[in-house]
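Listed below, chain by chain, are the residues.
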Amino acid sequence: MADWADKYSILKTETYKFEEFKEWRFSLEEHKEKGTLQINARCFTLPKKEGGYAGPSKNGFIIPITSAEDFDNIIKCFSAFTDFAEKCKEML
């Protein structure tokens, strides 16, 4: 099985640390052979001690992008998700 970096080039990445040992990484990636784009959002675990596990968790998602319209729709979807999350937060 090929390593992720062998298949994809990261065009842009952002990191959001939300706990001492966890962070979200958001990347815009391009498939090296196909030239297709995708957004990869993945939660990463950081090592709690030297030699501890550092890497992606099971939490995350990948969204393929096939056009500028797809990208606009993704932005609208994230905005709708934020609105939904705020409504859910009120119920806690």
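Our structure's up above, just so we're on the same page.
Residues numbered from 1 in each chain as written. Predicted model: local features only at pLDDT ≥ 70, side-chain atom pairs only at ≥ 80, totals over all residues. Heavy atoms only, no water.

Draft legend 1. A look at the sheet that holds strand S4 (residues 55–65). Pairing is antiparallel in the open sheet, where four strands are placed in the order S1-S2-S3-S4. Both edges of this open sheet fall to strand S1 (8–19) and S4, since each of them pairs with a single strand only. Across the sheet, the axes of successive neighbouring strands diverge by a mean angle of 15°, strand direction being ignored. Alignment of strand S3 (residues 37–45) against S4, held across eight bridges, turns out to be antiparallel. (Pairing = 2+ DSSP bridges. Helix = DSSP H or I, 4+ residues; strand = E, 2+ residues; numbered from the N terminus. Axes fitted to C-alpha atoms, helices over the stretch in contact; angles between N-to-C directions.)

Draft legend 2. Quick look at the layout of surface pockets. Roughly 310 Å³ of internal volume is contained in the largest pocket. Surrounding the largest pocket, 14 residues form its lining, Phe 26, Ile 39, Ala 41, Phe 61 and Phe 78 being those nearest its centre. Among the elements of the structure, S1, strand S2 (22–31), S3 and helix H2 (68–90) are those that each provide at least two residues to the lining of the largest pocket. Broken down by element, the lining of the largest pocket gets its largest block of residues, five residues, from H2. Its residues placed into classes, the lining of the largest pocket shows nine nonpolar, three polar and two charged. Estimated volume of the second largest pocket: approximately 180 Å³. (1 Å grid on protein atoms, 1.4 Å probe; cavity = no way out; pocket = protein on both sides within 12 Å on 5 of 7 lines; lining within 4 Å. Points joined across faces, edges and corners; volume = space filled by probe spheres on them. Nonpolar A, V, L, I, M, F, W, Y, C, P; charged D, E, K, R; others polar.)

Draft legend 3. View of the packing of aromatic side chains. All told, the structure shown has two aromatic pairs when counted by the stated rule. Each ring, one from Trp 24 and one from Phe 26, has its centre 6.1 Å from the other, and the planes form 10°; the classification is stacked. A residue is classified by how much of its surface remains accessible, and Phe 26, at 38% relative accessible area, is partly exposed. The positively charged end of Arg 25 is found above the aromatic ring belonging to Phe 44, 3.7 Å away from the centroid. (Phe/Tyr/Trp six-rings, centres within 6.5 Å; stacked < 30°, edge-to-face > 60°. Buried < 20%, exposed > 50% of the residue type's maximum accessible area, 1.4 Å probe, protein only. Lys NZ or Arg CZ within 6 Å of the ring centre and 35° of its normal.)

Draft legend 4. Structural context of the state of the cysteines. As enumerated under the stated definition, the model contains zero disulfides in all. Cys 77 takes part in no disulfide bond, and the closest cysteine sulfur, belonging to Cys 88, lies 14 Å away. Using a relative accessible area of 30% as the deciding quantity, one classes Cys 88 as partly exposed. (Disulfide = S-S within 2.5 Å.)

Draft legend 5. The arrangement of the environment of Phe 18 in detail. Structurally, Phe 18 is set in strand S1. Assessed through its relative accessible area of 33%, Phe 18 is described here as partly exposed. For the pair formed by Phe 18 and Cys 43, sequence separation is 25 residues and the distance between their alpha carbons is 9.9 Å. Sequence-distant contacts of Phe 18, that is, excluding residues within four places in its chain, are made with Glu 23, Trp 24 and Cys 43. (Contact = heavy atoms within 4.5 Å.)

Draft legend 6. Highlighting the side chain of Arg 42. Relative to the helices and strands, Arg 42 resides in strand S3. No salt bridge forms around the buried Arg 42; measuring N to O, its nearest opposite-charge neighbour Glu 29 is 8.0 Å away. For Arg 42, the residues in contact, after removing those within four places along its chain, are Glu 23, Trp 24, Arg 25, Pro 56, Ser 57, Lys 58, Asn 59, Gly 60, Phe 61 and Ile 62. (Lys, Arg positive; Asp, Glu negative; His and termini not counted. Salt bridge = Lys/Arg side-chain N within 4 Å of Asp/Glu carboxyl O.)

This is a description of form; function is not addressed.
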